[in-house]
Amino acid sequence: MTVTGEFGDIDNGHIDPKIYTDQAIYERELEQVFGRSWLFLAHDSQLPKRGSFVQTYMGEDPVLVVRQGDGSVKAFLNQCRHRGMRICRSDEGTNKTFTCSYHGWAYDLEGNLINVPMEDRAYRKEIDKSRWGAVKVRVEEYKGFYFGTWSEDVPEFTDYLGDMAFYFDAVVGRWDNGLELVPMTSKWVIDCNWKFASEQSASDMYHVPFSHASARMALTDKPEEWPMRWGDAPPGRQFSGNGHGSGSVWLPTLGIPDLVSGQDYVDWLVSNQAEVFRNIGEERALKVYAHNTIFPNFSWLGPNATMRVWHPRGPGQVEVWSWTYVPKDAPQNIKADIRRGVQRTFGPAGSFETDDGENWTEVQQVLKGWKARQSKLNAQMGLGHEERDVHGLPGLSNDVFSETAARGFYRRWADLMAGLSWAEIRDQDAARERQETILPKEVQEV
Ligand code: FES
Ligand SMILES: [Fe+2]
């Protein structure tokens, strides 16, 4: 089964550039993709006690994520049902209730409307408050990470992850006591479509030797060792499934010099590697860590670096919300090394981060041209060379230098954009999997 037509022939690696520029497509994305997928909301460590809350976004919709009295986490649209003001205008904090600053309607920690000023006189006691609570988000927790969706028919989160759970567990299940996010959210805006960032994090090791050469050389004492010709690079694999993606060059050992966090961190990591190997297995620890995206817009780099959400802000803009994550039980000096290392590399002004943003804004700028939007773009790397369940890695994978995960990402995106139900998507995926095993693929020319 081939996804052809409106957005290019994605199965054959043809991408129509208008998916990055068209306002009408963007509006559809908000409904069909962001309205129907699981989206990262918050981590346990951001919500330490009853009433702790953070404000985030699902697509462009502001939501409040709140720790309840019973320890659970709930979320609701941060929109007052009176005239649509934000119910809460703080980014984070602790509350007993949320009171809208326009006319004072008040909501409890679940988003239920509990108080309306001058209810007797202004409403003659005729308002039914139980009908005017905030719009609730469906929330699921996965190992301390909370995801939300507006969809009632999207499969539960573990099904949605599918084989990606193995790759997500490589980071979230790595340490006995889990992870925590350093309590500082870095936010910045890049003038590019959100899909460039999300797809690259799912699929693109290919840019690393070239785009990051100067940053890497500036940060290392041995710039001559930067492998500009990564044809000689160590083996590695890229995973693709359910629109998600993960890719890593395999490490010979955990004890390799680390540009991000320094030698003290590496020494600490090696001295604690038995814990990692016990939790996720030595093979997975060495093979799964680097770039990752859970569809559509939650990405991380590992093993201890940065997590981020790519919030869409129109076809030509993305708002990055980025966190440093650390093992919860690591000593303070190691946490500090990781935090400083991330700032140097993948913070808002980090050397590597700005390399990436520069590429995406440049592509977006070129696509302002009329002619530049007329030709398909090529995402054919490794097409037809996918394998399933090889090298101890579950699911569909390919060489780490391939675009299997990019094609998977856009395929899931196109299925949702076409308005397929989640049941239809599941059937399509099963049909594709059958086809994979019986039909050889050929690269189709444009
Ligand atoms: S808009 Fe919130 S109370 Fe009026
Ligand atoms: Fe990069």
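Residues numbered from 1 in each chain as written. Chains lettered and ligands numbered in written order. Predicted model: local features only at pLDDT ≥ 70, side-chain atom pairs only at ≥ 80, totals over all residues. Heavy atoms only, no water.

Draft legend 1. Up close: the domain arrangement of the chain. We note that the domain assignment places domain 1 (10-32 + 152-438) and domain 2 (40-142) within the chain. Taking the mean C-alpha position of each, domain 1 and domain 2 sit 32 Å from one another. Listed per partner, the contact involves 27 residues of domain 1 and 13 residues of domain 2. Taking both sides of the interface into account, the surface hidden between domain 1 and domain 2 amounts to around 1,600 Å²; carbon and sulfur atoms contribute 59%. The interface formed by domain 1 and domain 2 includes two salt bridges. (Domains from an automatic or database assignment. Contact = heavy atoms within 4.5 Å. Buried area = accessible area lost by both parts, 1.4 Å probe. Salt bridge = Lys/Arg side-chain N within 4 Å of Asp/Glu carboxyl O.)

Draft legend 2. Layout of the sheet that holds strand 2 (residues 39-43). Pairing is antiparallel in the open sheet, where three strands are placed in the order 2-11-10. Edge positions in the sheet fall to strand 2 and strand 10 (138-142), since each has one partner strand and no second. Strand-to-strand, the axes of this sheet are offset by a mean angle of 30°, without reference to chain direction. In this fold helix 4 (residues 164-172) packs onto strand 10 and strand 11 (145-149), with an angle of close to 65° to the strand it touches most, strand 10. (Pairing = 2+ DSSP bridges. Helix = DSSP H or I, 4+ residues; strand = E, 2+ residues; numbered from the N terminus. Axes fitted to C-alpha atoms, helices over the stretch in contact; angles between N-to-C directions.)

Draft legend 3. Here's a closer look at the sheet that holds strand 5 (residues 73-77). The sheet built from four strands is open, its strands ordered 5-4-3-6 with antiparallel pairing. The outermost strands of the open sheet, each flanked by one partner alone, are strand 5 and strand 6 (92-94). Neighbouring strand axes in the sheet, compared pairwise and without regard to direction, differ in orientation by 25° on average. Judged from the five bridges that link them, strand 4 (residues 61-67) and strand 5 form a sheet pairing that is antiparallel. Within the sheet, the bridge partner assigned to Arg67 lies in strand 5 and is Val73.

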